[in-house]
Amino acid sequence: MGVSLDIADLRARTKSPAADIAATQGDGLGCHAGRDAMRAAAEAAGMSETLEQLRADYPQGPHDQPQSMCPAFGSLRVGLRMRRTATILSGSACCVYGLTFTSHFYGAKRSVGYVPFNSETLVTGKLFEDIREAVRATAKPEDYDAVVVINLCVPTASGVPLRLLPKEIDGVRVIGIDVPGFGVPTHAEAKDVLAGAMLKVAHAEAEQGPVQAPRGGRSERPAVALLGEMFPADPVVIGALLEPLGLAAGPVVPTREWRELYGALDCAAVAAIHPFYTASIREFEAAGRPVVGSAPVGVDGTAAWLERIGEACGVSAATIEAAKQKILPGIRGALAAQPIRGRITLSGYEGSELLVARLLVESGAEVPYVGTACPRTPWSEVDRDWLEARGTQVRYRASLEDDLFALDQLKPDLAIGTTPVVQRAKEAGTPALYFTNLISARPLMGAAGAGSLATVVNAALRNKPRFDAMRDFFEGVGVGHAAGVWQEVPRVKVAPKAEVPKKPIGEMA
Ligand code: SF4
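Points about the sheet that holds strand 1 (residues 85-90)
Taken in spatial order, the 5 strands make up an open sheet running 2-1-3-5-4, and their pairing is mixed. Of all strands in the sheet, those bounded by a partner on one side alone are strand 2 (113-114) and strand 4 (168-169). The pairing of strand 3 (residues 146-151) with strand 5 (residues 172-178) spans 6 bridges and is classified as parallel. Counterpart to Ala146 in the pairing with strand 5 is Arg173.

Notes on the packing of helix 4 (residues 72-80) against helix 9 (residues 187-208)
Between helix 4 and helix 9, the least distance of the axes is 6 Å, while the angle of their chain directions is 50 degrees. In terms of orientation, helix 4 lies oblique with respect to helix 9. In the crossing of helix 4 with helix 9, the sense of the turn from one axis to the other is right-handed. Note on element contacts: helix 9 touches helix 4 through His187, Ala188, Glu189, Ala190, Lys191, Val193, Leu194 and Ala195, opposite Ala72, Phe73, Gly74, Ser75, Arg77, Val78 and Gly79. Here the residues of the contact of helix 4 with helix 9 are counted per class, giving 8 nonpolar, 4 polar and 3 charged.

A few points about the sheet that holds strand 6 (residues 223-227)
Backbone hydrogen bonds hold the strands of a sheet together, and the pairing may be parallel or antiparallel. Spatially, the 4 strands line up as an open sheet ordered 7-6-8-9, and their pairing is parallel. Either end of the sheet is taken by a strand with one partner, and the two such strands are strand 7 (248-253) and strand 9 (291-293). Adjacent strand axes in the sheet meet at a mean angle of 30 degrees when their direction is disregarded. The sheet contact formed by strand 8 (residues 269-272) and strand 9 spans 3 bridges and is parallel. Each bridged residue has a counterpart across the sheet, and for Val270 the counterpart in strand 9 is Val291. Lying on the sheet, helix 11 (residues 258-265) is in contact with strand 6 and strand 7; it crosses strand 7 at an angle near 130 degrees. Along the sheet, helix 12 (residues 278-286) makes contact with strand 6, strand 7, strand 8 and strand 9, crossing strand 9 at roughly 140 degrees.

Details of the confidence of the model for the chain
A low pLDDT score tells you not to read the predicted coordinates there in detail. Looking at the chain as a whole, its pLDDT mean stands at 88, while 89% of the residues score no less than 70. Ignoring residues within four places in sequence, the model shows residues 1-24, a span with pLDDT below 50, making 41 contacts including any to other chains. Overall, residues 504-509 carries pLDDT values under 50, and its contacts beyond four positions in sequence, including any with other chains, amount to 2 contacts.

What about helix 12?
Among the residues making up helix 12, those that are buried are Thr278, Ala279, Ser280, Ile281, Glu283 and Phe284. Buried positions along helix 12 lie against helix 3 (48-57), helix 9, strand 6, strand 7, strand 8 and strand 9. Once helix 12 ends, the next one or two residues include Gly288, with phi positive near 80 degrees.

Let's talk about the nonpolar core
Residues Val147, Val224, Val270, Ala271 and Ala272 are the most contacted members of the largest nonpolar core, which totals 152 residues. The element best represented in this core is helix 9, accounting for 9 residues. Leave out the neighbours within four places in its chain, and Ala272 touches Leu227, Tyr277, Ile281, Val291, Val292, Gly293 and Trp379.

Conventions used here
The written sequence of each chain sets the order in which its residues are numbered from 1. Under the rules for a predicted model, residues below a pLDDT of 70 receive no local features and side-chain atom pairs below 80 are neither given nor counted, while totals for whole chains, interfaces and linings still include all residues. One bridge is not enough; two strands pair if DSSP finds at least two bridges between them. Put simply, DSSP H or I for four residues or longer makes a helix, DSSP E for two residues or longer makes a strand, and each gets a number counted from the N terminus. Helix axes use the C-alpha atoms of the stretch in contact, all axes being lines fitted to C-alpha atoms, and the angles between their N-to-C directions lie in the range 0 to 180 degrees. Note on terminology: angles under 35 degrees are roughly parallel, angles over 145 are roughly antiparallel, angles of 65 to 115 are roughly perpendicular, and the others are oblique. The sense of a crossing depends on the near helix, which, turned anticlockwise from the far helix by less than a right angle, makes the crossing left-handed and, turned clockwise, makes it right-handed. For the purpose of contact definition, each residue receives a C-beta atom placed from its backbone, and two residues are in contact when these atoms lie within 7 Å. Note on residue classes: Ala, Val, Leu, Ile, Met, Phe, Trp, Tyr, Cys and Pro are nonpolar, Asp, Glu, Lys and Arg are charged, and everything else, Gly too, is polar. Confidence per residue, as judged by the predictor, is encoded in pLDDT with a range of 0 to 100. Each residue is classed by its C-beta neighbour count within 10 Å, where at least 20 other C-beta atoms makes it buried, 12 or fewer makes it exposed, and intermediate counts make it partly exposed; the C-beta atoms are placed from backbone geometry. To count as a nonpolar core, a set of buried Ala, Val, Leu, Ile, Met, Phe, Trp, Tyr and Cys residues must be joined through C-beta atoms within 7 Å.

This is how it looks when you write it as structure tokens:
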């Protein structure tokens, strides 16, 4: 590549400061106030065990502070997407405002419950009583299978003990989770916090006796549970890829209803399509299920995935080979039909970044940098190895600064990234695509994935002249003296001359 990224140095220079312990003592302070103070307060409030588990599940690196949306959105979204599930937030009003706004922006059709607090109810413990009352009022078996309560930053730091809520009210499960921004680095991992908590309860129920069957009945073939939110067509494509192995696609976790949790636990193996579901994987392993990382993307990725899934499910080598012969030519053809030519940097916080990078490389693109806000786990190792062997630098827990640095240094033909990365790229006249809205929202698996990704990426690469024209047209607008509201015609401000030292430099203190 010829370009090296000194990201360690950059991180040292951009380290965020700690802040006041008063951060925990009022409504409205949180992720912008300082993680160290919040953590210290939570430890002092008896939350050490919870924080220790979060630290183990979601190891923190330089990217240990929310740099995108509030992490709790991941848990909230999982709860809101489940049938017969009520979700209640306990946190500062400003956090709840942002979270409800975002959830409705993303199409939630459900109400979000909220238990407000003030300094007095927080300090006296009345907040916990209010939460318990809210849960009691909500947990009606005719309406719900489960009530989820999510402690945000301030109640977690204050030790509001959701673990003391009743586990069940009239058959409605009560799931209390702590999802503080100072303990869960990304909204992706927050999905795992709730999915893992639900799997744990469902597993315990399944051990007690018979449980509800899946809505469509049990699969006749051994099923592979799929871990990670993905484009709706992908589980269907994966089902078609599994068929020649004599297997079926099982439920996707996070599930859309409670009974699917039992179906997922009943699987022959788990495909960790998204590799950061550490708590969920712990529950699957406790249920004795083998877990396979990566996903069927591209030719190499699909071949290796079919082999590992087949082996995990006890499929014969001959059957696996026959499945590969049947499936791979179609994917090879789709990749060849729409090659991608160009240098692409890629960054995101969904957890599927390495899979997308693999598909881009197999399509012919040069991908020198992949940044993911998610942590390194055993389940993405095959993807990391594959990418690094092809010259891609993989950065886990990448910060925004890492991604921008890569963009500036590597000068790609196309930047795929988060909103601020895309903004920086467009300002420079570089075509750019939003990872979450434009890449996550399309199929990736099998031949369908290859064709779909190439279509959007090639269209963006062809847009370079338009970006250049836009940059030339808007250059200088909204920056420097041309920014803000002015009563008069703005004039270029001339920077004052640097003061000339009166003494020679050598004599200065
Ligand atoms: S709950 Fe979310 S928005 Fe509120 S302080 Fe914590 S990380 Fe920030």
